[in-house]
Number of protein chains: 2
Amino acid sequence: MQRHLVIEAVAPCVDDGAYAVKRVVGDSLEVSADIFRDGHEQIAAQLRLADMRQTPLQWQVQPLQARGNDVYTASTTLTHNTTVAFVIDAWTDHFRTYLHELEKKVEALLQVAVELQEGAILLQRARDAAVAAGAPAAATLSQALDSLQSLGGDPVQSLALLRRADVVDAVHVHLPRLDLLSSRTYRVDVDRPKAVYSTWYEMFVRSAGKQVGQAATLQQARARLPEIAAMGFDVLYLPPIHPIGQSFRKGPNNALQAGPDDPGCPWAIGGAAGGHDAIEPALGTLDDFGDFVEEAQKNGLEVALDFAVQCSPDHPWVKQKPEWFFQRPDKTIKSAENPPKKYEDVYPLNFDCADVEGLQSALLDILFFWIARGVHIFRVDNPHTKPFAFWDWAIEQVHRRHPDVLFLAEAFTRPKVMGRLAKGGFSQSYTYFTWRNTAEELRTYLEELTHGPMRDYFRPNFFVNTPDILPKILQEGGRAAFKMRLLLAATLSPTYGIYSGYELCENAALPNGEEYVDSEKYQVRVRDWAAPANLSGLITQLNGIRRDNVALQRNDPVTFFPVDNPNLLAYGRRSGDNRILCVVNLDPHAAHHGTVSISDAFWGEHVPERYAAYDLLDGATYHWGASNYVRLLPDRQPAHVLSLAPI
Amino acid sequence: MQRHLVIEAVAPCVDDGAYAVKRVVGDSLEVSADIFRDGHEQIAAQLRLADMRQTPLQWQVQPLQARGNDVYTASTTLTHNTTVAFVIDAWTDHFRTYLHELEKKVEALLQVAVELQEGAILLQRARDAAVAAGAPAAATLSQALDSLQSLGGDPVQSLALLRRADVVDAVHVHLPRLDLLSSRTYRVDVDRPKAVYSTWYEMFVRSAGKQVGQAATLQQARARLPEIAAMGFDVLYLPPIHPIGQSFRKGPNNALQAGPDDPGCPWAIGGAAGGHDAIEPALGTLDDFGDFVEEAQKNGLEVALDFAVQCSPDHPWVKQKPEWFFQRPDKTIKSAENPPKKYEDVYPLNFDCADVEGLQSALLDILFFWIARGVHIFRVDNPHTKPFAFWDWAIEQVHRRHPDVLFLAEAFTRPKVMGRLAKGGFSQSYTYFTWRNTAEELRTYLEELTHGPMRDYFRPNFFVNTPDILPKILQEGGRAAFKMRLLLAATLSPTYGIYSGYELCENAALPNGEEYVDSEKYQVRVRDWAAPANLSGLITQLNGIRRDNVALQRNDPVTFFPVDNPNLLAYGRRSGDNRILCVVNLDPHAAHHGTVSISDAFWGEHVPERYAAYDLLDGATYHWGASNYVRLLPDRQPAHVLSLAPI
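On a predicted model such as this, the values are computed, not experimentally measured, just so you know. Residue positions are given per chain, counted from 1 along the sequence in the order it is written. Chains carry letters from A onward and ligands carry numbers from 1 onward, assigned in written order. Residue-level local features of this predicted model are given only where pLDDT is at least 70; pairs of side-chain atoms are given and counted only at 80 or more, and the full residue set underlies all totals for whole chains, interfaces and linings. To get the side-chain values, all heavy atoms of the structure are used, and hydrogens and water are removed first.

Participant: Which residues make up the sheet that holds strand β7 (residues 71-77) of chain A, and what values go with them?
Facilitator: Backbone-to-backbone hydrogen bonds join strands into a sheet, with any given pair of strands oriented parallel or antiparallel. Strands were regarded as paired on the criterion that DSSP finds at least two bridges between them. Segments assigned H or I by DSSP are reported as helices when at least four residues long, segments assigned E as strands when at least two residues long, and all are numbered from the N terminus. Ordered by their spatial adjacency, four strands build an open sheet running β1-β3-β7-β6 (chain A), and the pairing between neighbours is antiparallel. The open sheet has two free edges, formed respectively by β1 (5-11) and β6 (65-66) of chain A, since each of these has just one partner strand. Inspection of the sheet shows β6(A) paired to β7(A) by two bridges, in the antiparallel sense. Note on β7(A): the bridge partner recorded for A:Q65 is A:T73. In what follows, a contact means two residues having at least one pair of non-hydrogen atoms within 4.5 Å. To define axes, lines are fitted to C-alpha atoms, for helices over the stretch in contact only, and angles between the resulting N-to-C directions are given on a 0 to 180 degree scale. Of the strands in this sheet, β1, β3 (28-37) and β7 of chain A touch helix α12 (residues 415-423) of chain B, which is tilted by about 65° from β3(A).

And the structure:
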């Protein structure tokens, strides 16, 4: 059979179907494709969907609708947290082609005796196939054939018979689809909604104490949970809680020598008390961890654990599985380095070793170990320094048993490497947000994230700070900058996070960089969370606004509006009738004013002459139109977060 | 071995490499790809190229250069009319990674004894591979190993040895590329230059006579060749010259009944004198055709033949191969139809018949038959009503033996069907140009053709009219419209054409359509080519301008310039220093004036404050800047065609 049919431009897809598209439960999946053939014959096309986590695959079929210009579409709601496969089928619809031509000939009063014989042949073919399949439609088709015979070639009555819905349906189902063409199988990862919309708080358990110099335990840290939950966070991310190595332990401010009481860096994983599946004794026990997770859940907080694939020299694996590490010619194990710097407290793992399968399966076991203990979110440390293929495999293995598990990629590296990790299955990714400060930088970055192909596979998590990143704008901009960056993160991205201390506007940095002074990475910190001028009020308010406005919960395109002052950033996010418009003063040092121009595209129609703009921050109501004057002050009124409604 | 490497976003390619990219001999092929790996190791990448028409494939290798942001590029000039295959290879460059780190350690005066042992191991691996391959580099590497030994661990001297160019080269070539990753094979069809830049004239041989009512023969038609050549055309396209059927022969103006002397429609192919491999006796013999082709060549004209895959009821195949046609239940052969219309003078061929291989091979033989007689360009009639797969196959078969043969697709159908034919190998395609009249329509269409992905596979041929298409603008706009549309076609597209009679501004149409009155499709026409007010002067001038300006010979993006009057269309085309700027009055009924704004992008730098704009049509020289006032008159001065040069 000649190949007449073409299926092209299938969407959504990532790299022509090489990787899965990302969606969440409740999303509508809108499939489209260009489907056509040569000649004048009509075609039929259908969308097949199956849950890939079920075997055997059970395909659900729905018709694809022609939308003109050879574009076909179908829509379905994604109801399960799983991976969905979809395939597009197309074939020549000989019977519809035939009916269409017969209709025109009958209308034109042409002779159609031979055409009716052709119709009988098509009915026979469908009937024979229905008989072979034991389908009840065989009877319908046999009766139709008899009736056609008995009509003695009457054009109008014969046409009416052939067009009868039951006949058309029976032929549609049973006429052999000799030139059936199927697309490749495309995949859609349907995650739980938190994959897109979540609000993160990062804390070091040991710094949750009340007395200066005293490390807190997991039991003690439980006291912090209600406060964090009250601010509206729903994910509580803990840096590694595993035993910390003694060898080459780092002291305060990354000192090469630790003092006897220094707690060490949590990322130097493994010691006498165990490795990645153990708890640092200073924090407590596995049971304590279980209690902590349970208490967090009661407060609406899901605990996310760090997954750092590296070992301290004291990790049990160093003795048990030396072959999993990089062996040097002198039989020593190679520590991490970035020449000329050496990180002697950390050994990387060697994914090119002979027993890579053993190594990978041990790492997977660690994930399953913590999943069994209530951890269904992992923040993965530096995934880009481990093989892409490992993550592809490990995430797939986890999702086969636990499709709800989320992975956040902490890969502060080059764009394409970050993209590849996301394509490989990471549910969320850290971003360049902390280094995007100007209106132009923010607009360009958000358009890249939300308007282009990245939107289908890369879900941003806008952390405003991390233990490694205290950006210059925060170091220099004071409390006004902390407010401004918080406002941006919370309203630009459905997922964002803060690392504890942000709410206190902590901004003391080591010289020439972004490292915190007295970083918690190397020492215990104790803070007064109720210190004056803290931002917990604003944080609580913003997280409440996010919860009340679905427009802020989706990774949909962000619309930027022209402003005649580059210090002001204006943007809108919309979901159905929920329209949120933000204007933020990007300058923490000075007041700015300007005129914001609202586009028709954002309204989906002409911008109304007047509409209500209700400021969700201060309760003011404005009457806005197409052009609107705005004046914003650092700290005192750094932004409008407006809910728009027609008057 | 773990898969660390990624090759993505390879360009140029069509549909991810499913189809060949189109280029012509002399073009530079600029290949780029995103290439990266996880981790900190450095990578190496190369481009492999081979002539696909040679067996076995002989791969030429050149390095890909890193351009930042993980983008790698390489460039090569395409020197042969063939199909080129290219593949991208990437692998981890362990030795360069090692050297880079060693350098930093030596600079920092660190201990590198173990590192030098690691270097020796890399050298040994490369040496062993070189020995196994019997390569002379084995000696270099063995010597280097000895020297390294004898340096006794001296860091600076050892580093110098390891960095020696011959050592680095030998290791680069011979160190096993254990994680080598190769892309798929991408194809580039390298056509002869005429595939992009050609100037077509269509004529019916039988209408080349001098006496009204008298059909011309091929011998007589030779007299027209110098005149056509003198106008600057280089392709002479002849509608079918094969025997015309008698059964159901059409009369003048598509009358269902032909008179006894009516010559019939050339697309009703096949009669007593033969089929697709014969010459209509009224035109002459195969020898006459050979003389005609030879005479045309002497005049710089290449003859293009029509290839219409359909038969008159009198075609020899109807008796010899009835199985190649559509058989109806009453044993008759189905004629062409578009219900309720019937075209009883034409039988379509059935590519779904049992002997499709016999049919396809007979059609291919016809192409080879005419190729052997000097025809290396085919204008294919309605290719979209034959299987895509047939054209894919037939064009490939022809190109294996005759890569210089060009195919023009006459598919006036939906965009995606036209696109698929081009992807399948058609060298050029008819377009929607005749129906694009407003500035907005022309700009949108040209941007689609020359700015987006189509540019890599779809080469437009802007015919201003055809025997089937006398567009409304020409019917109503008179001589001014003929000039205007000619100017547009000749300067917007590197390939364009006219169907004879255009130069005489023939514009008499049948009512309610685009058909010519007394169309040559059904009768002989005789014209006075020297009639007053004919356009041969303007045609000659435009074709000369095209020949003198390389900017008009390439399918590069057309830049459109804003004008404050929608009746004026301003656009530029550029190749190196050759900058052509056209302003055309699109209204054949009235004078228009306006201001044209020239963009920096077109200059590749800031628009000069003043530059010379030399009008190639009337010889005037203007001093232009960023904004320029223009006034154009229908017919008298319908356009500027300006050559720009700095002052």
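Now, onward.
Participant: Before we move on, could you go through the side chain of B:S158 and cite the residues and values that matter?
Facilitator: Residues and elements named next belong to chain B. Looking at where S158 falls in the secondary structure, it is placed in helix α4 (residues 155-163). Throughout, exposure labels follow a simple rule: accessible area from a 1.4 Å probe, protein chains only, divided by the maximum for the residue type, with under 20% read as buried, over 50% as exposed, and the rest as partly exposed. With a relative accessible area of 1%, S158 lands in the buried category. Here a polar contact is recorded for every N or O atom pair within 3.5 Å, except that within protein the pair must consist of a potential hydrogen donor and a potential acceptor, and residues adjacent in sequence are included only if both atoms are side-chain atoms. At 2.5 Å, the side chain of S158 forms a polar contact with the backbone oxygen of D154. Those residues in contact with S158 that sit more than four places away from it in its chain are L116, L148, L151 and G153.

Participant: Break down the pattern of salt bridges for me, with residues and values.
Facilitator: For salt bridges, the criterion is a side-chain nitrogen of Lys or Arg within 4 Å of an Asp or Glu carboxyl oxygen. Counting across every chain of the model gives 84 salt bridges over all chains. One salt bridge in this structure joins B:K521 and B:E515, with 3.2 Å as the shortest N-O distance. Judged by its relative accessible area of 28%, B:E515 falls in the partly exposed class. Bridged by salt links that share partners, the residues A:K105, A:E115, A:E118, B:R328, B:K334 and B:E337 form one connected network.

Participant: Give a detailed account of the interface of chain B and chain A, specifying residues and quantitative values.
Facilitator: Listed as interface residues are 53 residues of chain B and, on the opposing side, 53 residues of chain A. What counts as buried area is the accessible surface, traced by a 1.4 Å probe, that two parts surrender upon association, with contributions from both included. At the boundary of chain B with chain A, total buried surface from both sides reaches about 4,500 Å², with 52% on carbon and sulfur atoms. Between chain B and chain A we count twelve salt bridges in total. We note a salt bridge from A:K105 to B:E337, for which the minimum N-O separation is 2.7 Å. On the surface where chain B and chain A come into contact, there are 22 residue pairs in polar contact (both at pLDDT 80 or more).

Participant: Report on the relation of the copies chain B and chain A, specifying residues and quantitative values.
Facilitator: Each copy superposes on the other: chain B lies on chain A with an RMSD of 0.1 Å after a rotation of 180° and an axial shift of 0.0 Å. In symmetry terms, the pair is related by a two-fold rotation axis. Within chain B, B:D16 has its C-alpha nearest the rotation axis, a separation of 3.8 Å. Take the interface residues of chain B: 100% of them recur as interface residues in chain A, which is what a same-surface contact looks like. Superposing the copies works by least squares over the C-alpha atoms of residues that have pLDDT at least 70 in both of them.

Participant: Account for the sheet that holds strand β21 (residues 460-463) of chain B, with residues named and values stated.
Facilitator: All names here are of chain B. Ordered in space as β11-β12-β13-β18-β19-β20-β21-β22, the eight strands form a closed barrel in which the pairing is parallel. The sheet shows a mean angle of 25° between the axes of neighbouring strands, direction not considered. The sheet contact formed by strand β18 (residues 377-381) and strand β19 (residues 406-410) spans five bridges and is parallel. Considered in β19, the bridge of I377 is made with L406.

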